[in-house]
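As a plain string of letters, each chain reads:
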Amino acid sequence: EEEFKWLLQEEVHAVLKQLQDILKEASHRFALPSSSSGGAVKQENFVLSTSGTDQVKGVLTLQGDALCQADINLKMPRNNQLLHFAFREDKQWKLQQIQDARNHVNQAIYLLMNRDVNYQFRTGLEVLKLMDAVMLQLSRARNRLTTPATLTLPEIASSGLTKMFTPALPPDILVNFYINLNKLCLTVYQLHVLQPSTTKNFKPAGGSILHNPGAMFEFGNQRYEVSHVHKVECVVPWLNDALVFFTVSLQLCQQLKDKISVFSSYWNYRPY
């Protein structure tokens, strides 16, 4: 019983402090401008590449949770024509995944800071509930980076991203940016128009992270089919750091839960 009291009063707070330190480091990696920092977030340039193809090349400039510049060259397979697109100077593309992940991290930090060193945990159940709440936020933060949104082709076609470029994208090109783990990805879809007289069986594609050639959709009273798909990506090192911090923090939470559960069952302090 004395050991269990010591665990509740001393070790729990030591782990909470450790978790706070790790998660503050994770939060700093996202480096979004805050009212307290006052300064602008630095811009980082990343070169897009993929193995086995040079159809799409480009440079992306990331500033916190926003793509502030994109410079893309696209070689069209049909005629080897080279197209060049860049973001308009007045445009930025917000990466909601980064913003959401950081919000979840900050929510986890808030939960931990609510139990300062003077707070006395009375029961194992109380600690378990706190760990569950923190783990939920951390799992959500990680999932936002590891699981991009599934979108239909009409959703991609109608997104504001298509209007970001100068010169304007031709009607037979669609683009989509997203985060996948520690990578910033760009997918370029080349389309061809399905003529009304076509004998192809029209089946509109559903939502997906990545659509394959042959996927069909209808947009603006016109039917299209995806003819080519190009995916290029670049590694963002600080996203990798953040994912490592999430994993370490989740392990710490689980270890503390396991200790509490062992004591709770042993001393008949039933957690549930």
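Thresholds applied
Residues numbered from 1 in each chain as written. Predicted model: local features only at pLDDT ≥ 70, side-chain atom pairs only at ≥ 80, totals over all residues. Heavy atoms only, no water. UniProt positions renumbered as here; feature names shortened; annotations may be inferred. Helix = DSSP H or I, 4+ residues; strand = E, 2+ residues; numbered from the N terminus. Buried < 20%, exposed > 50% of the residue type's maximum accessible area, 1.4 Å probe, protein only. Contact = heavy atoms within 4.5 Å. Polar contact = N/O pair within 3.5 Å; in protein donor to acceptor, adjacent residues only side chain to side chain. Expected span 1.5 Å × (residues − 1). Phe/Tyr/Trp six-rings, centres within 6.5 Å; stacked < 30°, edge-to-face > 60°. Pairing = 2+ DSSP bridges. Axes fitted to C-alpha atoms, helices over the stretch in contact; angles between N-to-C directions. Salt bridge = Lys/Arg side-chain N within 4 Å of Asp/Glu carboxyl O.

Per an unreviewed UniProt entry, the protein goes by Protein rogdi homolog and derives from Nipponia nippon. Under the heading Sequence similarities (unreviewed entry), UniProt records this for the protein: "Belongs to the rogdi family." Its UniProt record gives the protein the following Subcellular location (unreviewed entry) comment, quoted word for word: "Cytoplasmic vesicle, Secretory vesicle, Synaptic vesicle".

Caption draft 1: Quick look at the environment of Asn212. Tracing the chain through its elements places Asn212 in the loop between strand 8 (183-193) and strand 9 (216-219). With a relative accessible area of 51%, Asn212 lands in the exposed category. As for Asn212 and Cys234, which are separated by 22 residues in sequence, their C-alpha atoms are 21 Å apart. With sequence-adjacent residues up to four places away left out, Asn212 is seen in contact with Val226 and Val229.

Caption draft 2: Summary view of the side chain of Gln137. Note on placement: Gln137 falls in helix 3 (residues 124-146). Separated by 2.9 Å, the side chains of Gln137 and His104 make a polar contact. When residues no more than four places from it in sequence are discounted, the contact partners of Gln137 are His104, Gln107, Ala108 and Leu111.

Caption draft 3: Examining helix 2 (residues 96-113) more closely. Over its 18 residues, helix 2 extends 26 Å from the first C-alpha to the last, a length consistent with the 26 Å expected when each residue adds 1.5 Å. All of the buried residues in helix 2 are Gln97, Ile98, Asp100, Ala101, Arg102, His104, Val105, Ala108, Ile109 and Leu112.

Caption draft 4: Region of the structure containing the packing of aromatic side chains. What the rule picks out here adds up to 7 aromatic pairs. Centroid distance Phe30 to Trp238: 5.7 Å. Interplanar angle 70°. Geometry classified as edge-to-face. One end of the pair, Phe30, is in helix 1 (residues 2-30); the other, Trp238, is in helix 5 (residues 237-266), with 208 residues separating them in the sequence. Given the relative accessible area of 9%, Trp238 is considered buried.

Caption draft 5: Here's a closer look at the sheet that holds strand 9. One open sheet accounts for 4 strands, arranged 7-8-10-9; its pairing is antiparallel. Here the strands that pair on one side only, and so sit at the sheet edges, are strand 7 (173-180) and strand 9. Taking each pair of neighbouring strands and ignoring which way they run, the sheet shows an average axis angle of 40°. For strand 7 and strand 8, the ladder comprises 8 bridges, and the chain directions are antiparallel. Bridged to Asn176 within strand 8 is Thr187.

Caption draft 6: Up close: the pattern of salt bridges. Counted according to the given criterion, the structure contains 11 salt bridges. Residue Arg29 pairs with Glu25 through a salt bridge whose shortest N-O separation is 2.9 Å. Of this pair, Arg29 and Glu25 both sit in helix 1, 4 residues apart, roughly one helical turn. Since its relative accessible area comes to 26%, Arg29 is described here as partly exposed. Since its relative accessible area comes to 36%, Glu25 is described here as partly exposed. One salt-bridge network, in which partners are shared between bridges, spans Glu25, Arg29 and Asp241.

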